[in-house]
Structure formats: structure tokens, C-alpha cells
Amino acid sequence: DVQLQASGGGLVQPGGSLRLSCAASGSTLDDYGIGWFRQAPGKEREGVGCINRIDGDTYYTHSVRGRFTISKDNAKNTAFLQMNSLKPEDTGVYFCAAYRGGRPRCSNLPPDYDYWGQGTLVTVSS
């Protein structure tokens, strides 16, 4: 199995940038697809985007497309979520998650993921 640790959250002004990290241990991320999720106060958990296990293709929800970028550095065994042009509505707890399987396309559905990081809080406020 794999353990995930999300980090990098904090307070940032609207229009600012932040990079979140998802460090893996116990196994290599080469064997997993990675998803990023977030949950704002009083709202349901939302899939932000994901990266395929094999080809590294990424997919994003409409609200973040063009502003957020998901990447994975296999040598560092770490996935990243680069967030630019942040908006107050981006505020929430961000989670990274991993699944192991042969899906041709990664999923934005929480039940499809087997392992979860603890989450890191992102607050976008002036």
C-alpha cells in the first residue's frame, strides 16, 4: 500500500498562487493514478482533477481549468497541484488521493480511490 501526505496549504490573497504537494511513501507513485479533491466549508467534496497512471494525461473540473495544473515527479515520488489566479471560492481543505488499476482515464469520483492524504487547508482571502 501507499501512504500520502498533503502539504503546502496556507493563506493567500485573491489572484495569488500556491503549490500543494502530495508525498508518497510505502510504495511508488508509478503504480497509481492521482486525484486532487477539495471541500469548502458547508459544501460537498469536489473533484479538482486527476492524472493518469500510465500516460500522465491530466483532467480538470471546469471551475479550475486554465488556473490549476497537476503534475507528478516519479523520481521524487511526489505529486503536485499548482494553483494560480486563486479566487475566494477556491478556499477549502484539499486532499490528494491515489488509486491502483488499469483505468484508461482517471476518475473524479471519491469511491474510486483507495488511499487518501490527510488534507491541507487553503484559504483565499484579502
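Below is a short write-up of the structure.

Definitions and limits used
Residues numbered from 1 in each chain as written. Predicted model: local features only at pLDDT ≥ 70, side-chain atom pairs only at ≥ 80, totals over all residues. Heavy atoms only, no water. Helix = DSSP H or I, 4+ residues; strand = E, 2+ residues; numbered from the N terminus. Buried < 20%, exposed > 50% of the residue type's maximum accessible area, 1.4 Å probe, protein only. Polar contact = N/O pair within 3.5 Å; in protein donor to acceptor, adjacent residues only side chain to side chain. Contact = heavy atoms within 4.5 Å. Disulfide = S-S within 2.5 Å. Phe/Tyr/Trp six-rings, centres within 6.5 Å; stacked < 30°, edge-to-face > 60°.

### Details of the side chain of Thr-91
Logical step 1: Along the chain, the position of Thr-91 falls in the loop between strand 8 (78-83) and strand 9 (92-99).
Logical step 2: Owing to a relative accessible area of 19%, Thr-91 belongs among the buried residues under this scheme.
Logical step 3: Reaching out from Thr-91, the side chain makes a polar contact with the backbone oxygen of Pro-88 at a distance of 2.9 Å.
Logical step 4: Excluding residues within four positions of it along the chain, Thr-91 makes contact with Ala-40, Pro-41, Val-122, Thr-123 and Val-124.

### Quick word on the environment of Gly-119
Logical step 1: Topologically, Gly-119 is positioned in the loop between strand 10 (115-116) and strand 11 (120-124).
Logical step 2: Using a relative accessible area of 15% as the deciding quantity, one classes Gly-119 as buried.
Logical step 3: Distance in space between the C-alpha atoms of Gly-119 and Ala-75 is 23 Å, their sequence separation being 44 residues.

### Quick notes on the state of the cysteines
Logical step 1: Overall, the coordinates contain two disulfides when judged by the stated rule.
Logical step 2: What pairs with Cys-22 in a disulfide is Cys-96, and their sulfur atoms sit 2.1 Å apart. Here Cys-22 and Cys-96 share a disulfide; its torsion about the S-S bond, 75°, makes the bridge right-handed. You can see Cys-22 sitting in strand 3 (residues 18-25) and its partner Cys-96 sitting in strand 9, a full 74 residues away along the chain.
Logical step 3: By relative accessible area, Cys-96 is classed as buried at 0%.
Logical step 4: Shown here for the chain is a disulfide pattern of 1-3, 2-4, where each number marks a bonded cysteine counted in sequence order.

### Details of the packing of aromatic side chains
Logical step 1: Tallied over the entire structure, the rule returns six aromatic pairs.
Logical step 2: Relative to Trp-116, the ring of Phe-95 has its centre 6.4 Å away and its plane inclined at 75°; by these criteria the two rings are edge-to-face. In this pair, Phe-95 is assigned in strand 9 and Trp-116 in strand 10, connecting sequence segments 21 residues apart.
Logical step 3: On the accessibility criterion, Phe-95 (12% relative accessible area) is buried.
Logical step 4: Judged by relative accessible area, which is 28%, Trp-116 ranks as partly exposed.

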